[in-house]
Amino acid sequence: MKNYKTIILSNQEISPGYFRMRLLAPGFGAKARSGQFLMFRVQRSLPPLLRRPFGIFRVGFMPSDCDGMPEKEYVEILYKVAGRGTTIMAELHEGDRVELLGPLGKGFEENPAKQEKILVGGGIGLVPLFMLASELVEKYDVRLLMGGRTREDILAVTEFERLGVETETYVSTDDGSLGEEGLVTQVLERKLQKYPDAEVFACGPMPMLKAVNEICSDHKVSLQVSLEEFMACGVGACLGCVVKGAGHTEENPSYLCTCKVGPVFQSERLDWDALGEPNETCEGCAS
Ligand SMILES: Cc1cc2nc3c(=O)[nH]c(=O)nc-3n(C[C@H](O)[C@H](O)[C@H](O)COP(=O)(O)OP(=O)(O)OC[C@H]3O[C@@H](n4cnc5c(N)ncnc54)[C@H](O)[C@@H]3O)c2cc1C
Ligand code: FES
C-alpha cells in the first residue's frame, strides 16, 4: 500500500452519471490484485475530509508522448455520481492533482479445480470483475452476467467482450433495450443448472448479493462476494466498515473489518441476515 500524490490523466463521462477516471500511478499495477480497492482523496483542501473507496477497474501502461519518454503507468476507476465527493470528482480534469491510497484490502482467489467461472455484476458492481475476468480468461471459461436498471447502468460490455468473456446483460426494466429482460439472478439459476460445478464471483447491490448467495447455497456452489460497505479510513483504523461474521451472537461476537479482511469474502464467512443493517460501531463517518 502506498499513498500517491499524483495527477489525473483523463476523466470522461461514459454513460449518463458514470465516469471513467485514469490516474498516473507508477508501480501500482505490480502490487494490485483483482478485487482490491483504492481510497481517493477528492481534494487536498476541506471539505470533504474523507477519502472515498473505489474498486480497481484496470491497471496498464499508456504509450509515451514522444520518443525517449517512458510509458505512463496508470490505474483506472469507474464511478457513479452519488453525492458530494463524486460530484466534485466529476468536475475534475486532466492534470488536476489528487491523492490515492492503495492497493487496499483482500481480493478474489480462484479455485483451479473449477473450470467454469461465473461472474455476476450489478450496476457499478461490475468494476472489480473486469480485472478478475482479464486474469481468469487466460485459463478458464468465463461467463459474465450483468444486471442494471436501465441500459445506461450496464457499463463496459464491449471491453469485457474484447477480453473473450461470454457476456449476457439483463436490464430489470420494461424496455429490454439491451440483452434480455429480467433479473440477473434468474439467469444465474439457469446457468447453475447447466454448470453445476461452477465457481461464482459477485459484486453489486446488497439485495442482488443476498439473492445470489441464496441461489449458490441452494446449488452448493462456491461463492465469493465483494462488499461495498461504508468506509471512512480504508485501512482498519476506524471500524466504520465492520460486518457481522457467520455465527455472530451477543455472547460470542464475530466482526469482520471489510477494508482489511475484505472487501472480498467467501460467502460462508458472513452473517447474511445482518448484512445491510446500519453500522453501529462508527458514528463519525459522514464527513
Ligand atoms: C470497496 C468499495 C469499492 C467501491 N467501488 C466503487 C466503484 O468502483 N465505483 C463506484 O461508483 N462506487 C464504488 N463504491 C461506492 C463509493 O465509494 C461511494 O459511492 C462513494 O464513496 C460516494 O461518495 P460521495 O461523497 O459521492 O457520496 P456521499 O455524499 O458520501 O453519499 C451519497 C450517497 O451515496 C451512498 N454511499 C456512500 N458511500 C457508499 C458506499 N460505500 N457504498 C454504497 N453507497 C454509498 C450514500 O448512501 C448516499 O446515498 C465502492 C465502495 C467500496 C466500499
Ligand atoms: S474503513 Fe476504517 S476500519 Fe475499515
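Here the structure is shown first, and the text comes after it.
Notes on the site of ligand 1
Working step 1: Taken together, 21 residues surround ligand 1, and among them Gly55, Tyr79, Gly83, Gly85 and Thr86 come closest.
Working step 2: When residues of the shell around ligand 1 are traced back to their parent elements, those giving at least two are β4 (52-55), β6 (72-80) and α2 (84-90).
Working step 3: Considered class by class, the residues forming the shell around ligand 1 number 12 nonpolar, four polar and five charged.
Working step 4: When we break the shell around ligand 1 down by domain, the ones giving at least three residues each are domain 1 (2-104) and domain 3 (229-287).

Overview of helix α3 (residues 127-136)
Working step 1: The buried fraction of α3 amounts to eight of the 10 residues, a majority that puts the element mostly inside the structure.
Working step 2: Within the sequence span of α3, burial applies to Val127, Pro128, Leu129, Phe130, Met131, Leu132, Ala133 and Leu136.

Notes on the environment of Arg41
Working step 1: As for its position among the elements, Arg41 is in strand β3 (residues 37-41).
Working step 2: Looking at Arg41, the number of C-beta atoms within 10 Å reads 18, which means it is partly exposed.
Working step 3: Taking the C-alpha atoms as reference points, Arg41 and Gly85, 44 residues apart in sequence, are found 8.9 Å from one another.
Working step 4: In contact with Arg41, other than residues within four places in its own chain, are Arg51, Val98, Glu99 and Leu100.

A closer look at unusual backbone geometry
Working step 1: Look at the link from Gly102 to Pro103: it is a cis peptide, with omega at -5°.
Working step 2: Within the secondary structure, Pro103 sits in strand β7 (residues 97-104).
Working step 3: The omega torsion of the bond from Gly262 to Pro263 falls at 15°, within 30 degrees of zero and hence cis.
Working step 4: On the secondary structure map, Pro263 appears in the loop between β15 (255-257) and β16 (264-266).
Working step 5: Positive phi, normally seen in glycine, also occurs at Ala156, with a value near 60°.
Working step 6: Considering the arrangement of structural elements, one finds Ala156 in the loop between β9 (141-148) and α4 (157-163).
Working step 7: With 22 C-beta atoms packed within 10 Å, Ala156 lands in the buried category.
Working step 8: The phi dihedral of Lys220 falls on the positive side, at around 55°, and the residue is not glycine.
Working step 9: Within the fold, Lys220 resides in the loop between α6 (206-218) and β13 (223-226).
Working step 10: For Lys220, a count of 8 C-beta atoms within 10 Å puts it in the exposed group.

About the criteria used
- Residues numbered from 1 in each chain as written.
- Chains lettered and ligands numbered in written order.
- Predicted model: local features only at pLDDT ≥ 70, side-chain atom pairs only at ≥ 80, totals over all residues.
- Near = placed C-beta within 6 Å.
- Helix = DSSP H or I, 4+ residues; strand = E, 2+ residues; numbered from the N terminus.
- Nonpolar A, V, L, I, M, F, W, Y, C, P; charged D, E, K, R; others polar.
- Domains from an automatic or database assignment.
- Buried ≥ 20, exposed ≤ 12 C-beta atoms within 10 Å, placed from the backbone.
- Contact = placed C-beta atoms within 7 Å.

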